[in-house]
Amino acid sequence: MSENLKFVPHATCTFCGCVCDDMDLTVDMDEKRITKAENACVLGKAWFREHGIEQRPYALIGGREATTAEGVEEAAQILARARFPLIYGLSDTTCEAQRVAVAIADMIGGTVDTTTSVCHGPSGIAFETVGESTASLGEIKNRADMVVFWGGNPAEAHPRLFSRYAVTPKGMYIPNGRKDRTVVLVDVRRTMSTPVADIFLRVKPRSDFEVLWALRALVKGRRVDPSIERRTGVSLAVLEDLVARMKSCRYGAFLFGMGLTMTRGRHFNSGALLALTTDLNEFTHWVAKPVRGHGNVTGADNVVSWQTGFPFGVNFSRGYPRFNPGEFTTVDLLARGETDAILILASDPAANFPKAAIEHLKRIPVISLDPKTTLTSQLARVAFTTATYGINVGGTVYRMDDVAITLRPAFESPYPSDEEILSAIRDRVRALLGGNRVPAVAPAVAAAS
Amino acid sequence: MGSSLRIVNGRVYDPANGVDGEVRDVCIRDGKIAADAPPDAKRIDAAGMVVMPGGVDIHCHIAGPKVNLARKVQPEDHRYDVHPRTRVTRSGTGGSVPSTFATGYRYAGLGYTTAMEAAVTPLGARHALEELHDTPVIDKGFYVLVGNNVLLYRLLQEGRLEEFRNALAWWIKVTKAYAPKLVNPGGDELWKGQRNANITSLDDKIGPFELTPRKVIAGFIEAATALGLPHPVHIHCNNLGHTGNVATTLETMRLAEGRRTHFAHVQFNSYGPAAGKSQTNPTSGAREIAEFVNTHPNISADVGAVMFGRSTIMTGDAPLAYMLRQFGGTKWVNADTENESGCGIVPFTYQDRVYTNAMQWAVGLELFLLSQDPWRMVFSTDHPNGGSFVTYPRLIRLLMDREFRKARMAEVNQKALDRSGLRDLSREYSLNEIAIVTRAGPARLLGLTRKGQLGVGADADVTIYEEDPDKEKMFSAPRYVIKDGELIIEDHEFRVDHEGRLLHVAPDFDPGIEQVIEPFFEDFYTIRFANYAVDDRYAPHHEIIPTAPQAAGARP
C-alpha cells in the first residue's frame, strides 16, 4: 500500500437499493483503489474493492479498439438509422445519465425500458391499480413497531435493511431498537434472514396471493375457511394471530421483494399486499415498500415517470410516450424479434435474459456502456468503457424510498461517464436527424386510433 | 439574449405601472423591458391584440416526490391527453398531472412564464429541483414544508426561539426553497404516530409535543417576519375541506396580528356549518373570509377555485386525502417523510350535480367576486387539486362573462347554489383585474419585483393574446409568448425551446445552528447531515431573491 491515501467521508454505496450514504472511504490514490469502506456491509465492501481502474480500451467497435469519439460516431449512426430502436437498462447509473437516455429515445422515436420491467415491474403495475401507502426508511426506523418482510432475503441481499433501517436501529419512538419491534418474515423457504424474525410464516410456493387475500378477509372481519392451511401451508390460527398483531401495532411496515413480484400472481401479489396495507389503515398506521435491487433503479423509475408519465416500457414511435408492459418491455420486444438496434446502459441482459431474447441480441447491432466486460459488452457492436457511478462519477441516485442522494466520487477514472457518452451520442444523432424525429402521422389521428 | 423586439399597436395591460389598456409600444432588449429598441429590432404588430406580462402562478403542484407519485399512479389519465414532440420540443403526456416537459410547454402555451410548486419536503428538495430542471420555458421555485418538522417543533416547544428562527432559515436555504409552507400544522404527528388521527382545532395538543397548532403557526409567522422573506409564511390551514372550517380559518388569520401572511387555496377553507337536515353538506363561508381579507391588508390569499372534471388531490395533508379516498375510487397513495411531513394522493372528479362539489365551485367564484382587492386575492386552482391549470381560461371567462356564468350556474346542483351567495353577484372582472389576479398580484405577493409588470428593467416575459369576446378562447392560446426576451411562441407555435430559472431565497442564519441540527440528524434521519444540503449543481440557472435585510444591506 502506498502512502498516498485519501479519505472520503460520507460517500454513498450504490450497490443495492439501500443506497447507504454513510460510507467513509479510504482510497489508495497511487493504485486507484479503495482500500477501506467503513460502515459498508459485506456486499458494499466487495463493491468498493472490485471497482479499481482496469486497463481496457475506451471503446470496441466490432471487437476492434477505438476511441470514445469513434464509438460515439458509430453508435449515433446505428441509432439514427434504426427503425425500432430500444434503450434499455438505466438502473446502475446516475439520474443525470438516465435523463439523457430518455431524451435520446424521445428524439429518435424509440423505446426506453429499464430493469424494472424484470424486477419490480409488477409492483409498478400494482401501484397503478391500487396506489400505495408508503414511507421513507427513516419513518420505519423511527416509528415501526411491527415489520413484515415478504418474499425476500435481506440478510444476504440487503444486509443493512436490517441494521440501518428497519430491524435493529433505535428510533425516535423505538428507543430500544430491536426489542421494541415485532419482526415477521414470510417466505417459501428458510434463509439466512429467518433467524432475525420473531414470527416466520413458511408459505407453500405459489400461494402468496392466497395468504394475502385471506389476511385481507380477516382484517375486514370476514370468515376464512380452515382449509386455507392445506392450500397455503399456514394455519388459520397463525393468520388470525398475525392479523390481531397487525391491527394493534402502532406503525406497521411491509418490505417486500421479488419472491412476491416474480412468482405466480406477479402484479396480483403486489396488488394484494398494497391493498392489505390500505385496509389496515382503517385500524392503525401501515406502510409498504418494495425492496429494490439495483443502486439507482428507483431513480430510473422516477426519471422515466417525470419525463413521460409512465415508469418503464415507454415507446415514442408515434411522437409521444405510450406505455404498455408486454408490448414495450425489453424481454418481449427482443423475444419477438422486433427491435432492430439496442443501446444497453449499465446492465447485462445477455447474462440473465431468456434464450430467445439473447438470440435476438446476437442478430442486431448492440451498443453497450459498462465499466466492466460483461456478456452483453462481448456481443456488442459498440462497447464503451465507462467510469463507475458513485466511485468515479458524481451525480444523483434515488434510494428505494425515493430519497435522492448526491454521490461523492472517491477518485477519478480515465474513462468518461455514461452521461458524457450519452450526451455526445444525443448531440450527434440530433445533427444527423436535424432535430427531433417527428412522425408523419398527425398526433390527433394517432391518439384516436 | 442580445436580441431586441418592439411590440407595436397592442393594447397594453400593465396594472403595476397603472397602464390599463392603452395602445403603446413595448420594447425589449437583452432579456429585459427597455425604454426603446434599436431601429433594426424585430417588430411584432399586435394590432387587435392584448399585451400583458407573463402569467405568474403563486400556488400549484408541478414537481417533486408527491407529484411524481401522482403521475405514476394514473397511466389512464395520460393516455388520452398526449403531448407530441416537435422538431424543437420534447414530448410528454398530460392529464391532471402532466409530465415535466408537458407542464412547462402547456404553462407557456397559456401565457404563463412563472410558477411556484407549493409543497416540497426538505428531503424531497433534490428530487423537486431535478424535475423543475426538466420543466422548460417557465421560471420556477418551490415552497418547503416546515410546518410539521420535528426538530423545529422541539425548538419551539423549548422556547428556543432564536435557534428556531435560525433553523428555519437554514432549512429554507439548504433546500433552495422560495418560501416556508405550513400544511395542516400538527396533523402529521397524529396521523403517523396516533393511528391516523388528525388535528381538529387550533388548540389540540400535537401528539407528544407541548404544542398546539396555534403556537406553531404563531411561531412561524413571527420567525418568517423576522427573516424578512420576500414571500411570507404560506399556510394551508387546519381542517381543510371540512364542513364548518371557516371558523378555524378566521382564527388562523387572526394569528397573523397585522403581519404579512399568505393563505393558500382559501376556497377549501371557506365552508360554513352544515345546512338543513344534512350533517355534512356545507354552506358557503366565502363572505366571511372575503370580508376578513378585504379589511386586513396584511393578509393575502389565492383562491384555489374548483373546476368541474378530472383532478388529482395531492397534498401534504395526509388525513384529508385519506378522508377523500372514500369518494375518489380505488386508488389511494400515502407517503410519510421522516421528521418532516406526510402526503396523500387521490385521483378525483368534481361533478356539477354533486352538492358538495357544486358548493366548492360556487365558493371559489364567490371569493373572487366579493374580493375588493385583486392584489391580495389572487388566481389559482391549487392545480391539480381544484382542477388542472389548463382550465384557467375557462375560469377567467367565468369571472369576466356574467352570462356565461349564469348559463353554467343553471347546470349545477341547485340546492348548493341556493345556499351559496353566488346568485346575488353580478360583478364581471375587467381585463385589468384579470391582469392583476393572474400576474401583477401574485408577482407582488411573491416579492418578485421584476415579474408581473412591463416597466423598464422588468424581465421580458410577455404574453400577447388576440382579442376575442370569448375570453376562454382568448386566454387559451396566446399568439405570442416571449420569455426573457426570446420569442418562444410565434403564431401559436413553439419556435425554440428554452430553459427558465430557479427562483429561490437564501436567508442568513447563525452558522452555529448546524451544531444544533447535526446531532438530531445522526439520531433520527437516515441520511447524513453532510449529504442533506442541496448543492448548486441542482440549480444551473438560478436567481436568488434577497430578503429584506439582504436588500437593505446591499444598498449603499
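Counting of residues starts from 1 at the beginning of each chain's written sequence and follows it residue by residue. Written order determines the labels here, with chains lettered from A and ligands numbered from 1. Given that the model is predicted, a residue must reach a pLDDT of at least 70 before its local features are reported, and side-chain atom pairs must reach 80 or more before they are shown or counted; all residues, however, enter totals for whole chains, interfaces and linings. Calculation of side-chain values draws on the structure's entire complement of heavy atoms; hydrogens and water are dropped beforehand.

1. A few points about unusual backbone geometry
Negative phi characterises most residues that are not glycine, and trans characterises most peptide bonds.
In step 1: Here His383(B) and Pro384(B) are connected by a cis peptide whose omega angle stands at -5°.
In step 2: In this structure, Pro384(B) sits in the loop between strand 22 (377-378) and helix 13 (392-400).
In step 3: Positive phi values are uncommon outside glycine, yet His10(A) reaches one of about 60°.
In step 4: As for its position among the elements, His10(A) is in strand 1 (residues 5-11). Think of it this way: any DSSP run of H or I at least four residues long counts as a helix, any run of E at least two long counts as a strand, and we number them from the N terminus.

2. Examining helix 16 (residues 431-446) of chain B
All names here are of chain B.
In step 1: Between the first and last residue of a helix there are one fewer steps than residues, each counted as 1.5 Å, and that sum is the expected span. Taking 1.5 Å per residue as the helical rise, helix 16 with its 16 residues ought to reach 22 Å, and the 22 Å between its terminal C-alpha atoms agrees with that figure.
In step 2: A residue's bend is the angle separating two fitted axes: one through the seven residues that end there, the other through the seven that start there. Along its length, helix 16 shows its largest kink, about 45°, at Val437.
In step 3: Here helix 16 lies mainly inside the structure; 15 of its 16 residues are buried.
In step 4: Two residues or fewer after helix 16 comes Gly447, characterised by a positive phi angle close to 70°. Between buried and exposed lies partly exposed: a residue is buried under 20% and exposed over 50% of the maximum accessible area for its type, with that area taken using a 1.4 Å probe on protein chains only.

3. Brief notes about the sheet that holds strand 1 of chain A
Residues and elements named next belong to chain A.
In step 1: Two strands are said to pair when DSSP picks up at least two bridges between them. Reading across from one edge, 1-2-3 is the order of the three strands in this open sheet, with antiparallel pairing throughout. Every interior strand has two partners, whereas the edge strands, strand 1 and strand 3 (33-38), have only one. With strand direction ignored, the average angle separating the axes of adjacent strands in the sheet is 25°.
In step 2: When checking whether two residues touch, look at their non-hydrogen atoms; a contact exists if any pair is within 4.5 Å. Here, axes are lines fitted to C-alpha atoms. For helices the fit covers the stretch in contact, and angles between N-to-C directions go from 0 to 180 degrees. Contacting strand 2 (23-28) and strand 3, helix 1 (residues 42-50) runs over the sheet at an angle of about 160° to strand 3.

4. Section: the packing of helix 12 (residues 355-370) of chain B against helix 13 of chain B
Residue and element names in this part refer to chain B.
In step 1: Between helix 12 and helix 13, the shortest axis-to-axis distance is 10 Å and the interhelical angle comes to 60°. By the criterion of interaxial angle, the relationship of helix 12 to helix 13 is oblique. You can see that helix 12 and helix 13 cross each other, and the crossing is right-handed. Facing helix 12, whose interface residues are Trp361, Leu365, Phe368 and Leu369, helix 13 presents Leu395, Leu398 and Leu399.
In step 2: Side-chain classes follow a simple rule in which Ala, Val, Leu, Ile, Met, Phe, Trp, Tyr, Cys and Pro form the nonpolar group, Asp, Glu, Lys and Arg form the charged group, and the remainder, Gly included, forms the polar group. In the contact of helix 12 with helix 13, the residues fall into seven nonpolar, no polar and no charged. Relative orientations are named as follows: roughly parallel for angles under 35 degrees, roughly antiparallel for angles over 145 degrees, roughly perpendicular for angles from 65 to 115 degrees, and oblique for any other angle. Left-handed is the label given to a crossing in which the near helix is rotated counterclockwise from the far helix by less than a right angle, and right-handed is the label when the rotation is clockwise.

5. Some thoughts on the nonpolar core
In step 1: What is meant by a nonpolar core is a set of buried Ala, Val, Leu, Ile, Met, Phe, Trp, Tyr and Cys residues, joined one to another through side-chain atoms within 4.5 Å. Membership of the largest hydrophobic core comes to 195 residues, with the highest contact counts inside it found for Phe149(A), Trp170(B), Tyr178(B) and Trp361(B).
In step 2: Take this core: its biggest share by element is 11 residues, from helix 12 of chain B.
In step 3: In this structure Phe149(A) touches Pro154(A), Leu161(A), Phe162(A), Ala166(A), Val167(A), Val183(A), Val184(A), Leu185(A), Val186(A) and Leu255(A), once residues within four positions along its chain are discounted.

6. A few points about the interface of chain B and chain A
In step 1: Facing the 64 residues of chain B at the interface are 82 residues of chain A.
In step 2: Using a 1.4 Å probe, buried area is obtained as the accessible area two parts lose upon being combined, added over both of them. Summed over both sides, the interface between chain B and chain A buries roughly 5,800 Å², with carbon and sulfur atoms accounting for 45% of that surface.
In step 3: Whenever Lys or Arg places a side-chain nitrogen within 4 Å of a carboxyl oxygen from Asp or Glu, that contact is recorded as a salt bridge. The salt bridge involving Asp24(A) is made with Arg528(B); its shortest N-O contact spans 2.9 Å.
In step 4: Polar contacts here mean pairs of N or O atoms no more than 3.5 Å apart (in protein, one a potential hydrogen donor and the other a potential acceptor; neighbouring residues in sequence count only if both atoms are side-chain atoms). Counting across the chain B and chain A interface gives 63 residue pairs in polar contact (both at pLDDT 80 or more).
In step 5: Its residues assigned to classes, the side of chain B that touches chain A shows 21 nonpolar, 21 polar and 22 charged.
In step 6: Across five bridges, strand 8 (residues 131-135) of chain A lies against strand 20 (residues 332-336) of chain B in parallel orientation. Looking at the pairing, Glu132(A) lines up with Val333(B) of strand 20 of chain B.

7. Regarding the pattern of salt bridges
In step 1: For the structure on display, the rule yields 77 salt bridges over all chains.
In step 2: Of the charged contacts in the structure, one is a salt bridge between Asp134(B) and Arg99(A), with a shortest N-O distance of 3.3 Å. On the criterion of chain membership, the pair formed by Asp134(B) in the loop between helix 4 (125-133) and strand 12 (139-145) and Arg99(A) in helix 3 (residues 95-108) is interchain, its members lying in two chains. The exposure classification of Asp134(B) matches that of Arg99(A), with both residues buried.

8. Describing the environment of Pro519(B)
Residue and element names in this part refer to chain B.
In step 1: Examined against the element boundaries, Pro519 turns out to sit in helix 18 (residues 513-524).
In step 2: You can call Pro519 partly exposed: its relative accessible area is 43%.
In step 3: In this structure the C-alpha to C-alpha distance between Pro519 and Phe529, which are 10 residues apart in sequence, comes to 8.6 Å.

9. Topic: the domain arrangement of chain A
All names here are of chain A.
In step 1: For chain A, the assigned domains are domain 1 (5-49), domain 2 (54-119 + 295-448) and domain 3 (121-290).
In step 2: For every domain, the bounds stem from an assignment made automatically or drawn from a database. Using C-alpha coordinates to define each centre, domain 1 is positioned 27 Å away from domain 2.
In step 3: Looking only at domain 1, the three residues that lose the most surface to domain 2 are Thr14, Val19 and Lys32, adding up to 33% of its buried area.
In step 4: Linking domain 1 to domain 2 there are five residue pairs in polar contact (both at pLDDT 80 or more).
In step 5: Every element with two or more residues in the side of domain 1 that touches domain 2 is listed here: strand 1, strand 2, strand 3 and helix 1.
In step 6: Here the side of domain 1 that touches domain 2 gets five residues from one element, more than from any other, and that element is strand 1.

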